[in-house]
Amino acid sequence: TTAASPVRNVLRLEEVQPPSLRTEDTNKVLISTHYAGIQYPDFLQAQGLYQIKPKLPYTPGMDVAGIVVDKGSDVPDDELRIGDRVYANTALCPDGGGGTGALAELVSVSSTAVFPIPDSLHLSSVANIGRNYCAAYHSLKVIGNV
């Protein structure tokens, strides 16, 4: 086997058209990114070594914490409102994004992958929850049966 390329050799910073919600995006939420988590799976994915391989080119990032700036017509106000502080795990999107997009300034994501964040928590404290908390929980509870 050949060694993987360093991440700096497979990523580049580009200006791209920001996403917006289309009429058919009735169950999506548009989030203004304040913090994005970056973890080991993001590095693996960028190098083509992760089990989910997105179509190239793509925007990396599985976890985002920010503010809802728009939402589709099917997203109820009692679940999410414009201006809400939220965390989103793009790997949970049913449309098969494969956990991508969170390192953008604006992220369009399925509402099923978006979770409100209480005012008592700083957004920076939840940006890595998807990879870190979930991995620890899975290791302890599912594998370790603790």
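Caption draft 1: Up close: the pattern of salt bridges. Counted under the stated rule, the structure contains five salt bridges. A salt bridge links Arg-12 to Glu-14; its shortest N-O distance comes to 2.2 Å. Between Arg-22 and Glu-24 there is a salt bridge whose closest N-O contact spans 3.3 Å.

Caption draft 2: Representation of the packing of aromatic side chains. Tallied over the full model, the rule gives one aromatic pair. Summarising the aromatic geometry, the rings of Tyr-87 and Phe-115 are spaced 6.3 Å apart at their centres and angled 20° between planes, so their arrangement reads as stacked. Here the residue Tyr-87 occupies a position in strand β3 (residues 85-89), and Phe-115 occupies one in strand β5 (residues 114-116), the gap between them amounting to 28 residues.

Caption draft 3: Summary view of the pairing of β3. Within β3, four of the five residues are buried, which leaves the element mostly enclosed by the surrounding structure. With five bridges connecting them, strand β2 (residues 63-71) and β3 associate as antiparallel partners. Bridge pairing in β3 places Ala-65 opposite Tyr-87. Two strands pair when backbone bridges link them, and β3 and β5 are joined in this way by three bridges, in the antiparallel orientation. Paired with Val-86 across the bridge in β5 is Pro-116.

Cut-offs and rules
Residues numbered from 1 in each chain as written. Predicted model: local features only at pLDDT ≥ 70, side-chain atom pairs only at ≥ 80, totals over all residues. Heavy atoms only, no water. Salt bridge = Lys/Arg side-chain N within 4 Å of Asp/Glu carboxyl O. Phe/Tyr/Trp six-rings, centres within 6.5 Å; stacked < 30°, edge-to-face > 60°. Helix = DSSP H or I, 4+ residues; strand = E, 2+ residues; numbered from the N terminus. Buried < 20%, exposed > 50% of the residue type's maximum accessible area, 1.4 Å probe, protein only. Pairing = 2+ DSSP bridges.

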